[in-house]
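Breakdown of the fold
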Amino acid sequence: MKTETRLRHADRLLPVLDWLMAHPDDEPDLYHLAELACLSPFHFHRVYRAMTGETVTATAQRMRLHRAAGELETGGRSLAQVARRAGYQSAAAFGRAFTQAYGLAPGRYRAQRARLPHPQEPIMHTVTLEDFSGLTLATLPHRGSYEAIGAAFDRLYMLAGARGLADTETVGYGVYYDDPAQTAVDALRSSAGIPVAADADLDAVFERVALPAGRCAVLEHVGPYSELEAAYAWLFGPWLAQSGHEPADVPVFEAYLNDPKTTPPAALLTRIYLPLA
């Protein structure tokens, strides 16, 4: 596919990704999505798969199962309600899909989360001190719940891939500017980014964000992104209090070392970087 064609297709598919994120409870309609993308219904699915690396159905399912995992953790809805909101008419079908993605049946996943220590007593994690060499990112901004930043990464990788800036092996970085415990969800600010050369010629679709060099506390987490809150509780609570270090006036950021489209959530590897003064 020529570069001009990829750029055109990437721009056309942005409204499709926006629609999927805004309507997680609706079944994707081929003709509506093709219309949003200004593409023929006969070719829409092939173009979407070529640009995003997955089918529309896979994107919708991934978004729904991610939301379902969060709902199972909070415990506010029954398993049947979570299954229906994830688009499954039977608990058995939901159970099979969730188990395949997360490695545990929904009931066991909920029970396991319920046995985790109280937020005031978070699980211990290993934290290492590293000298971060600095990094320049091409980013897209995200506003709202940090758990929903995945949609910004979907857009980022499609737009960056069309410009030859990223592929499936490119490590993604999330930069988080606000404390979700102190800031209203709608006001939370974050950025989805990929590494680029410091002097990279970026067009207006991207924002350039520089992560400064410096000493960082690094916590490596294995598991679903929905479980990162407990890791943050440990890092900013017991570890920071006992470390003798002070955080720098720099946002915390995360590196995502494998692809959530092809990696089971239980095997997702995330590095949380806390810059130190």
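In what follows, the structure referred to is the one given above.
Please read all numbers here as calculations on a predicted model, not as lab measurements.

On to the overall build of the protein chain, then. From N to C terminus, the protein chain includes nine helices and eight strands. Over its C-alpha atoms the protein chain spans a radius of gyration of 19 Å, differing by no more than 12% from the 19 Å that the globule rule assigns to 277 residues. By its C-alpha atoms, the protein chain is 60 × 50 × 30 Å across when sized along the principal axes. When burial is assessed residue by residue, the protein chain has 43% of its 277 residues classed as buried. Pairs at least 24 apart in sequence give 70% of the contacts found in the protein chain among residues at least 6 apart. A total accessible area of about 14300 Å² is found for the protein chain, and carbon and sulfur atoms account for 53% of it. When the 25 basic and 32 acidic side-chain charges of the protein chain are each reduced to a single mean position, those positions are 7 Å apart.

Before going further, it helps to examine the nonpolar core. The biggest cluster of nonpolar side chains holds 52 residues, and the ones touching the most others in it are Leu13, Val16, Phe44, Tyr48, Phe206, Leu235 and Ile272. Of the domains in this structure, domain 1 (1-52) and domain 3 (125-273) are the two that each give at least three residues to this core. In contact with Leu13, not counting residues within four places along its chain, are Ala37, Leu39, Phe44, Val47, Tyr48, Met51 and Met158. Counting residues in each nonpolar core, the second largest holds 15 residues, with Ala69, Tyr88, Tyr102 and Tyr109 among its members.

The next point concerns the packing of aromatic side chains. Overall, the coordinates contain 14 aromatic pairs when judged by the stated rule. For the ring pair Phe94 and Phe98, a centre distance of 5.7 Å and an interplane angle of 45 degrees mean the geometry is tilted. Here Phe94 and its partner Phe98 are both found in helix α6 (residues 91-102), four residues apart, which amounts to about one turn of the helix. Since its relative accessible area comes to 0%, Phe98 is described here as buried. Plain terms: the ring middles of Phe153 and Tyr157 are 6.5 Å apart, the flat faces sit at 35 degrees to each other, and that makes the pair tilted. Of the two residues, Phe153 and Tyr157 are both situated in helix α8 (residues 150-162); the distance of four residues between them amounts to about one turn of the helix.

A few words now on the pattern of salt bridges. Inspection of every chain in the model, using the stated rule, returns twelve salt bridges. The salt bridge partner of Arg155 is Asp18, with a shortest N-O separation of 2.6 Å. Of the two residues, Arg155 is situated in helix α8 and Asp18 in helix α1 (residues 3-22); the sequence distance between them amounts to 137 residues. We classify Asp18 as partly exposed; its relative accessible area is 37%. Between Asp131 and Arg215 there is a salt bridge, with its nearest N and O atoms 3.1 Å apart. Of this pair, Asp131 sits in strand β1 (residues 127-132) while Arg215 sits in strand β6 (residues 214-222), and the two are 84 residues apart along the sequence.

Right, let's talk about the side chain of Thr170 for a bit. With respect to the helices and strands, Thr170 occurs in the loop between α8 and β3 (172-176). A polar side-chain atom of Thr170 sits 2.9 Å from the main-chain amide nitrogen of Asp167. Among residues more than four places away in sequence, those in contact with Thr170 are Tyr157, Leu165, Ile194 and Pro195.

A few words on the pairing of strand β2 (residues 135-143). Every other side chain in a regular strand lies on the same face of the sheet, so the side chains alternate between the two faces. Bridge count for β2 against strand β5 (residues 207-211) is five bridges, and the pairing is antiparallel. In the sheet register, Leu137 faces β5, and the bridge partner there is Val209. Relative to strand β4 (residues 189-196), β2 runs antiparallel, the two sharing eight bridges. Each residue of the ladder has a partner; that of Thr136, found in β4, is Val196.

The next subject is α1. Within an α-helix, residues lying three or four positions from one another point in the same direction, as the helix has 3.6 residues per turn. For α1, with 20 residues, the first-to-last C-alpha span of 29 Å sits near the 28 Å given by 1.5 Å per residue. Within α1, the axis deviates most sharply at Leu13, by approximately 30 degrees, and proline Pro15 lies no more than four positions further along. If you check which residues of α1 are buried, you get His9, Ala10, Leu13, Leu14, Val16, Leu17, Trp19 and Leu20. Here the buried face of α1 lies against α2 (30-36), α3 (44-52), α4 (56-74) and α8.

Turning our attention to the environment of Asp259. Secondary-structure assignment places Asp259 in the loop between β7 (252-256) and β8 (269-275). Sequence separation between Asp259 and Phe153 is 106 residues, and the spatial gap between their C-alpha atoms is 11 Å. Every residue in contact with Asp259, bar those within four places of it in the chain, is listed here: Thr168 and Leu268. Side-chain polar atoms of Asp259 contact the backbone nitrogen of Lys261, separated by 2.9 Å.

Quick notes on the rules
Residues numbered from 1 in each chain as written. Predicted model: local features only at pLDDT ≥ 70, side-chain atom pairs only at ≥ 80, totals over all residues. Heavy atoms only, no water. Helix = DSSP H or I, 4+ residues; strand = E, 2+ residues; numbered from the N terminus. Rg over C-alpha atoms; globule rule 2.2 N^0.38 Å. Buried < 20%, exposed > 50% of the residue type's maximum accessible area, 1.4 Å probe, protein only. Contact = heavy atoms within 4.5 Å. Areas by Shrake-Rupley, 256 points an atom, 1.4 Å probe, with all protein chains shown as cover. Lys, Arg positive; Asp, Glu negative; His and termini not counted. Charge placed at Lys NZ, Arg CZ, Asp CG, Glu CD. Core = buried A, V, L, I, M, F, W, Y, C linked by side-chain atoms within 4.5 Å. Domains from an automatic or database assignment. Phe/Tyr/Trp six-rings, centres within 6.5 Å; stacked < 30°, edge-to-face > 60°. Salt bridge = Lys/Arg side-chain N within 4 Å of Asp/Glu carboxyl O. Polar contact = N/O pair within 3.5 Å; in protein donor to acceptor, adjacent residues only side chain to side chain. Pairing = 2+ DSSP bridges. Expected span 1.5 Å × (residues − 1). Bend = angle between axes of the 7 residues up to and from the residue.

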